[in-house]
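Take a look at the letters that make up each chain.
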Amino acid sequence: DTLMLIRAGGGVFRKLSMSYDDLATIPGYGEMKLDASYSLGGAKLTVETVEGFLHVHVDHVAIVDFLGFENFINAIGGVNVNVPERVCSEISGGYRNGGVTLNLSKGDHTLNGVEALAYARTRVNSCDPAYDDVNRGVAQQGVINAIKDRLTEPLRLPYNFIMGPIIGWDAPQAFVSEMGFFSM
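Predicted model, so just to flag it, every value in this text is computed and none were measured.

Q: Could you give an account of the nonpolar core, with specific residues and numbers?
A: Of all hydrophobic cores here, the largest spans 22 residues; its most connected members are Ile73, Val79, Val81, Leu111, Tyr119, Val143 and Ile147. At the level of elements, helix 2 (66-75), strand 6 (79-83), strand 7 (87-91), strand 8 (100-104), helix 3 (113-121) and helix 4 (133-152) are the ones that each hand at least two residues to this core. Sequence-distant contacts of Leu111, that is, excluding residues within four places in its chain, are made with Ile73, Gly78, Val79, Val81, Leu104, Ala116 and Tyr119. With 7 residues, the next largest nonpolar core counts Met18, Leu34, Val47 and Val50 among its residues.

Q: Account for the side chain of His109, with residues named and values stated.
A: Residue placement: His109 occurs in strand 9 (residues 107-111). Reaching out from His109, the side chain makes a polar contact with the backbone oxygen of Ser105 at a distance of 2.7 Å. Dropping the residues within four chain positions of it, His109 is found in contact with Val79, Asn80, Val81, Val83 and Leu104.

Q: Report on the pattern of salt bridges, specifying residues and quantitative values.
A: One pass over the structure, following the stated rule, counts 4 salt bridges. With a closest N to O distance of 3.6 Å, Glu48 and Lys44 form a salt bridge. Taken together, the residues Glu48 and Lys44, both in helix 1 (residues 36-54) and 4 residues apart, mark about one turn of the helix. The exposure class of Glu48 is partly exposed, given its relative accessible area of 35%. For Lys148, the salt bridge is made with Asp149, and the minimal N-O distance between the two is 3.3 Å. By relative accessible area, Lys148 is classed as partly exposed at 29%.

Scoring rules and cut-offs
Residues numbered from 1 in each chain as written. Predicted model: local features only at pLDDT ≥ 70, side-chain atom pairs only at ≥ 80, totals over all residues. Heavy atoms only, no water. Core = buried A, V, L, I, M, F, W, Y, C linked by side-chain atoms within 4.5 Å. Buried < 20%, exposed > 50% of the residue type's maximum accessible area, 1.4 Å probe, protein only. Helix = DSSP H or I, 4+ residues; strand = E, 2+ residues; numbered from the N terminus. Contact = heavy atoms within 4.5 Å. Polar contact = N/O pair within 3.5 Å; in protein donor to acceptor, adjacent residues only side chain to side chain. Salt bridge = Lys/Arg side-chain N within 4 Å of Asp/Glu carboxyl O.

In short, geometric facts, not functional conclusions.
Laid out in structure tokens, this is it:
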């Protein structure tokens, strides 16, 4: 239930998170919640809906798989995320029920794959009842930035080179896209 538009290229890397609850006109179906476009027509209808909703052209689509995402982040050695406010959440029932319990203080954290995914998925923050989809979008964008930084950080180049085969194996399992290697 996450939609993010990313513009990358020419030294620019900008992100726009869209709430799954945003009302949009879905071609052939009328006005509905934005996330309904995927269940009604997959990525193709979602692209058409987003293009009409934002009046932009979408060049490429990437669909992220949860398990692949965790493995990919672990392969790149985790991600460094600046958490703007304390986050306390229980994903899938929390640790006691086989899920993930997250308790992050405000500040910098190196998150492994499970923690990064839990942070990006947090909808309810028991430390801040006002936490909403905007906060969730900020968290998701922070994780995306952290991935980009991890892969392009000059001091990480030797690690990324040595781990390249593992990263290269995990990346296609994390993302399904029509983009080629160099575009990605």
